[in-house]
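# Report on the structure
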Amino acid sequence: MKNLVFVFLLAFFGCGNNLPIEGDFGTGQFDLLTQNGKMIEFPKLIEGKISLVGYIFTNCPDICPLTTNNMKMVQNRLKEENIEGVEFVSISFDSEVDRPGVLKKYAELRDLDESSWTLLTGEKEDIKKLIKEVSVVAVVGDSTVTPDNEKIYYYVHTDRISLVDKKGNIRKSYIGSNANIEEMVKDVKSLIN
Amino acid sequence: MKPLLAVIILLITFTACKKEVEEVKQNEEKKVDHSGMMVHKPWIRPASTGTNTAFFGTIMNHTDVNDTLLSASFEGAEVVEIHETYMKEEDMMGMRRIEFIAIEENSAFKLKPRSFHIMLIKLKEDLAIGDKKSVTLNFKHSGEIKVEAEVKDMPGGDEMDHSHH
Ligand SMILES: [Cu+2]
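Because the structure is a prediction, the values reported are computed rather than measured.

### A look at the overall build of chain B
Tallying secondary structure elements over chain B gives one helix and 10 strands in all. Going residue by residue from the N terminus, the α and β elements of chain B occur as α-β-β-β-β-β-β-β-β-β-β. A buried classification covers 41% of the 165 residues belonging to chain B.

This is the structure in structure tokens:
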């Protein structure tokens, strides 16, 4: 009986956590641009690191800033607890609008710690393929026409933050704009060991 | 002498009346100060030039008439619209323009994250944390209500939806 309890405990705690693998970013690499205009390969960028990945577009005034802010709160919490090596990534699915400069401004205005936070954009087709790998959907919904006849599009999109382990496996998905900070911090910690 | 007396009486009456009218007027003004239509804790999310952001706050209709928010204006944006964030599927979110928001007499209506907001489109200036910006809401009955909104990243505790607590 004692042994059984031990085995049970080992199964529960020994494996570190009970976050099943939900998926990954596929087998290929995507050439993407960071907020600093640097070309990188993704998901290679986060290989060997635990990451929180959010999906955003900068013209979004409500949902995406909440998602970003929730990630920022996790980043702050980890800093407070001196936990290092966790990466934060925001992938824009509005690649035509969100060029590196736009993403840079977005990060600066929100005071994101860019030492462990990368914002990514890329070719429209690449981004499309990439988000499809993780079943994130972004389709053009409503739009507004400005006085200069410029059309601004609003996406109907998956509201998500993905928790990615060191091997690139997605271990959990959160409703990005409504994610629980404590839960994310706890899950990140569970992947560290 | 009689006509003069009449003129005097008339003048006295007129002055008295005028005073009364002014008093009523003053009282009305006081009433507006203390109640009327107002926006509690207005705030705007930070955003950079050329992008969009949203204005939030609780609209308090302290009047005895049902009112309607028809539009809003902000000098720092090219277009201002009334918007609603909506859920399409469990984790799919979208946003759309709505024509107006009805606010019943003596009631409050929250413009809040993941819900209704005033959309400030194509900003002409950067809105940085700590800035104070003036936004005008236009109501059918109450007319134009100008409010000073603070630019900040997250709402204060009161503005979060704790209604389920
Ligand atoms: Cu909107």
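### Brief notes about the pairing of strand S6 (residues 117-121) of chain A
Residues and elements named next belong to chain A. The element S6 is extensively covered by neighbouring structure, given that five of its five residues are classed as buried. Along S6, one buried face is formed by Trp 117, Leu 119 and Thr 121 and the opposite face, lined by Thr 118 and Leu 120, is buried too. In this sheet, S6 lies alongside strand S2 (residues 30-34) in antiparallel orientation, the contact comprising two bridges. Note that in S6 the partner of Thr 34 across the bridge is Leu 120.

### Some words on the coordination of the copper ion
Ideal donor angles around a metal are set by the shape: a four-donor tetrahedron calls for 109.5 degrees, a six-donor octahedron for 90 or 180 degrees. All names here are of chain B. Taken together, His 83 (ND1), Met 95 (SD), His 117 (NE2) and Met 119 (SD) make up the full set of protein donors to the copper ion, lying 2.1 to 2.5 Å away. Between the four donor atoms coordinating the copper ion, the angles at the centre fall across 101 to 121°, so the site counts as tetrahedral. In the primary structure, the donors to the copper ion are separated according to the pattern H-x11-M-x21-H-x1-M. Linking His 83 in strand S4 (residues 77-89) with Met 95 in strand S5 (residues 92-97), this pair joins segments that are 12 residues apart in sequence. Both residues of the pair, His 83 and Met 95, belong to the buried class.

### Quick word on the pattern of salt bridges
Residues and elements named next belong to chain A. Taken as a whole, this structure holds 19 salt bridges over all chains when the rule is applied. Note that Lys 128 is salt-bridged to Glu 125, the shortest N-O span being 4.0 Å. Of the two residues, Lys 128 and Glu 125 are both situated in helix H4 (residues 124-133); the distance of three residues between them amounts to about one turn of the helix. For Glu 125, a relative accessible area of 47% puts it in the partly exposed group. Salt bridges linked by common partners bring Arg 77, Glu 81, Glu 182 and Lys 189 together as one network.

### Side note on the packing of aromatic side chains
Describing an aromatic ring pair means giving the distance of the ring centres and the angle of the ring planes. Within this structure, the stated rule accounts for seven aromatic pairs over all chains. Aromatic side chains Phe 57 of chain A and Phe 93 of chain A sit 5.6 Å apart centroid to centroid with 40° between the ring planes, which places their arrangement in the tilted category. In this pair, Phe 57 of chain A is assigned in the loop between strand S4 (50-56) and helix H2 (63-80) and Phe 93 of chain A in the loop between strand S5 (86-92) and helix H3 (100-109), connecting sequence segments 36 residues apart. There is no split in this pair, since Phe 57 of chain A and Phe 93 of chain A are both buried. Members of the aromatic cluster, joined through ring pairs, are Phe 57, Phe 93 and Tyr 155 of chain A. Looking at Arg 110 of chain A, its charged tip hangs above the ring of Tyr 106 of chain A, at a distance of 4.1 Å from the centre. Directly above the ring of Tyr 86 of chain B sits Arg 96 of chain B, whose terminal nitrogen or CZ lies 3.8 Å from the centroid.

Procedures and definitions
- Residues numbered from 1 in each chain as written.
- Chains lettered and ligands numbered in written order.
- Predicted model: local features only at pLDDT ≥ 70, side-chain atom pairs only at ≥ 80, totals over all residues.
- Heavy atoms only, no water.
- Helix = DSSP H or I, 4+ residues; strand = E, 2+ residues; numbered from the N terminus.
- Buried < 20%, exposed > 50% of the residue type's maximum accessible area, 1.4 Å probe, protein only.
- Pairing = 2+ DSSP bridges.
- Donors = N, O, S within 2.8 Å, 3.2 Å for Na, K, Ca; no water.
- Tetrahedral: all angles 85-135°; square planar, octahedral: opposite > 155°, others 65-115°.
- Salt bridge = Lys/Arg side-chain N within 4 Å of Asp/Glu carboxyl O.
- Phe/Tyr/Trp six-rings, centres within 6.5 Å; stacked < 30°, edge-to-face > 60°.
- Lys NZ or Arg CZ within 6 Å of the ring centre and 35° of its normal.

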